[in-house]
Amino acid sequence: MGFSTGIRTLVLLTCVGAAFLAVVTHAAYAATFNENYVTGADAKHTQVLDGGNVVNLVLDQFLAPEFGSKGLYLFGAIGMNIKLVPGDSAGTVTAYYLSSGGTHHDELDFEFLGNVSGQPYTLQTNVFAHGVGGREQRVNLWFDPTENYHSYSVRWTREIIIFFVDDTPIRVFRNNENLGVPFLNAQPVGIYASLWDGSAWATQGGRYPINWAAGPFVASFQGFGVDGCEVAGGNIAYCAAGPANAWWNAGQYQYLTQQQIAALKNVQSNYLVYDYCTDRVRYPNEPAECFKNWYG
Ligand SMILES: *[C@@H]1O[C@H](CO)[C@@H](O)[C@H](O)[C@H]1NC(C)=O
């Protein structure tokens, strides 16, 4: 299965007897886990399988495992294919995120909040720019994310950040520096995945803590190639300048297509369950960037 399926899709209509639709994705080069990632966890909690094409994170009472990229990246189309903890996943949080670390860190988050059996997963995304986050959005997924791998990715350029679930854009965060909103464009990030106990807040506001009897909890990952600008030898300037040979810098990738706008509107009207932009208890005034990122 292609990596970062949401990123750049060529739809080819092919006729072989009957017409069918083949989706050819812009795939990052194939890479095994060990080529691009490392883990501090032991082999029981981070299982590298199938020659490094699949990794299972295994959460139990003793360890919340994680792994991270060897390289640091600034801009790109970065994502992974993930199959989430099945069954009673209440209290568990599977996280896939890009983070610079440091005191004024930049970070893009996908956090998958588990649920009791039969109830839907919630995907929370967040954006930290120069240490300031508090930009949570939550959507309920429109499929069972425990049954198959799905791609979760960002297209991150100097102009725009788009969060994708498979081919569907679920969120946009534009470069709004002209409104005084910091953007993620100066700090390279590592790519991380983790599986942890978020009992205190994750499931229905903490009503359902983790049920250890249902464990150990397993989330699976694929797609370890990285289609991003790797910051080599601390040379941030090359990536920060947005080199012309990086496809995501082309003009057309700074915008959503009409189809993508329609898909995003559909998510915003049917699957969005929380948006910091409309939370007047936390933000009596709408945050400055919100009206630029909304398509409803
Ligand atoms: C869990 O399921 C409940 C009931 O369907 C739903 O209200 C909630 O949004 C789901 N997600 C979380 C994280 O609690």
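Cut-off values and rules
- Residues numbered from 1 in each chain as written.
- Predicted model: local features only at pLDDT ≥ 70, side-chain atom pairs only at ≥ 80, totals over all residues.
- Heavy atoms only, no water.
- Helix = DSSP H or I, 4+ residues; strand = E, 2+ residues; numbered from the N terminus.
- Rg over C-alpha atoms; globule rule 2.2 N^0.38 Å.
- Buried < 20%, exposed > 50% of the residue type's maximum accessible area, 1.4 Å probe, protein only.
- Contact = heavy atoms within 4.5 Å.
- Areas by Shrake-Rupley, 256 points an atom, 1.4 Å probe, with all protein chains shown as cover.
- Lys, Arg positive; Asp, Glu negative; His and termini not counted.
- Charge placed at Lys NZ, Arg CZ, Asp CG, Glu CD.
- Pairing = 2+ DSSP bridges.
- Axes fitted to C-alpha atoms, helices over the stretch in contact; angles between N-to-C directions.
- Expected span 1.5 Å × (residues − 1).
- Arc of directions from axis to C-beta.
- Near = heavy atom within 4 Å.
- Polar contact = N/O pair within 3.5 Å; in protein donor to acceptor, adjacent residues only side chain to side chain.
- Nonpolar A, V, L, I, M, F, W, Y, C, P; charged D, E, K, R; others polar.
- Phe/Tyr/Trp six-rings, centres within 6.5 Å; stacked < 30°, edge-to-face > 60°.
- Disulfide = S-S within 2.5 Å.
- Salt bridge = Lys/Arg side-chain N within 4 Å of Asp/Glu carboxyl O.

A. Here's a closer look at the overall build of the protein. When helices and strands are counted, the protein shows four helices and 18 strands. In summary, the protein has a C-alpha radius of gyration of 19 Å against a globular reference of 19 Å for 296 residues, a match within 12%. Its C-alpha atoms put the protein at 55 × 50 × 50 Å along the principal axes. Here the protein holds 296 residues, and 53% of them are scored as buried. Restricting the contact set of the protein to residue pairs at least 6 apart, pairs at least 24 apart contribute 67%. Put simply, the protein shows about 13000 Å² of open surface, and 54% of that area lies on carbon and sulfur atoms. Once the 15 positive and 24 negative side-chain charges of the protein are each reduced to a mean point, those two points are 7 Å apart.

B. Expanded view of the sheet that holds strand E15 (residues 190–197). Ordered by their spatial adjacency, eight strands build an open sheet running E3-E6-E15-E8-E9-E10-E11-E18, and the pairing between neighbours is antiparallel. This sheet does not close on itself; its edge strands, each paired only once, are strand E3 (37–39) and strand E18 (272–275). Between one strand axis and the next, the sheet turns by 15° as a mean value, whatever way the strands run. Note: strand E11 (residues 137–140) against E18, three bridges, orientation antiparallel. Bridge pairing in E18 places Gln 137 opposite Asp 275.

C. A look at helix H3 (residues 258–270). Between its first and last C-alpha, H3 extends 18 Å over 13 residues, near the 18 Å set by a 1.5 Å rise per residue. Within H3 the residues assigned to the buried category are Gln 260, Ile 261, Leu 264, Val 267 and Gln 268. Seen from one end, H3 has its buried residues packed into an arc of 125°, which puts them on one side. Away from the buried face of H3 by more than 90 degrees, exposed residues Gln 258, Gln 259, Ser 269 and Asn 270 are located. Buried positions along H3 lie against E11, strand E12 (150–156), strand E13 (160–165), strand E14 (168–174), E18 and helix H4 (290–293).

D. Highlighting the site of the ligand. Around the ligand, the neighbouring residues are Leu 113, Gly 114, Asn 115, Gln 119, Pro 120, Thr 122, Ala 202, Thr 203 and Gln 204. Between the ligand and the protein, one listed contact pairs a nitrogen atom with a side-chain N or O atom of Thr 122 at 2.9 Å. The backbone of Gln 204 places a nitrogen or oxygen atom 2.7 Å from an oxygen atom of the ligand. In isolation the ligand exposes 360 Å². Once the protein is present, 70% of that is buried. Residues that form the shell around the ligand fall into these classes: three nonpolar, six polar and no charged.

E. Quick peek at the packing of aromatic side chains. Counting across every chain of the model gives 22 aromatic pairs. Relative to Phe 67, the ring of Tyr 37 lies with its centre 5.5 Å away and its plane at 85°, an arrangement referred to as edge-to-face. Of this pair, Tyr 37 sits in strand E3 while Phe 67 sits in strand E6 (residues 66–69), placing them 30 residues apart in sequence. Judged on exposure class, the residue Tyr 37 and its partner Phe 67 are both buried. For the pair Tyr 96 and Phe 110, a centre-to-centre distance of 6.1 Å together with 35° between the ring planes defines the contact as tilted.

F. Broad picture of the state of the cysteines. Applying the stated criterion to the full structure yields two disulfides. Each sulfur of the disulfide joining Cys 229 and Cys 239 lies 2.1 Å from the other. Between Cys 229 and Cys 239 the disulfide shows an S-S torsion of about -80°. By sign, it is left-handed. Of the two residues, Cys 229 is situated in strand E17 (residues 227–230) and Cys 239 in helix H2 (residues 236–240); the sequence distance between them amounts to ten residues. No difference in accessibility class separates Cys 229 from Cys 239, as the two residues are buried.

G. Layout of the side chain of Arg 155. In this fold, Arg 155 is placed in strand E12. Buried within the structure, Arg 155 lacks any salt-bridge partner; Asp 167 is the closest side chain of opposite charge, at an N-O distance of 9.3 Å. Among the polar contacts listed, one links the side chain of Arg 155 to the backbone oxygen of Tyr 253, at a separation of 2.8 Å.

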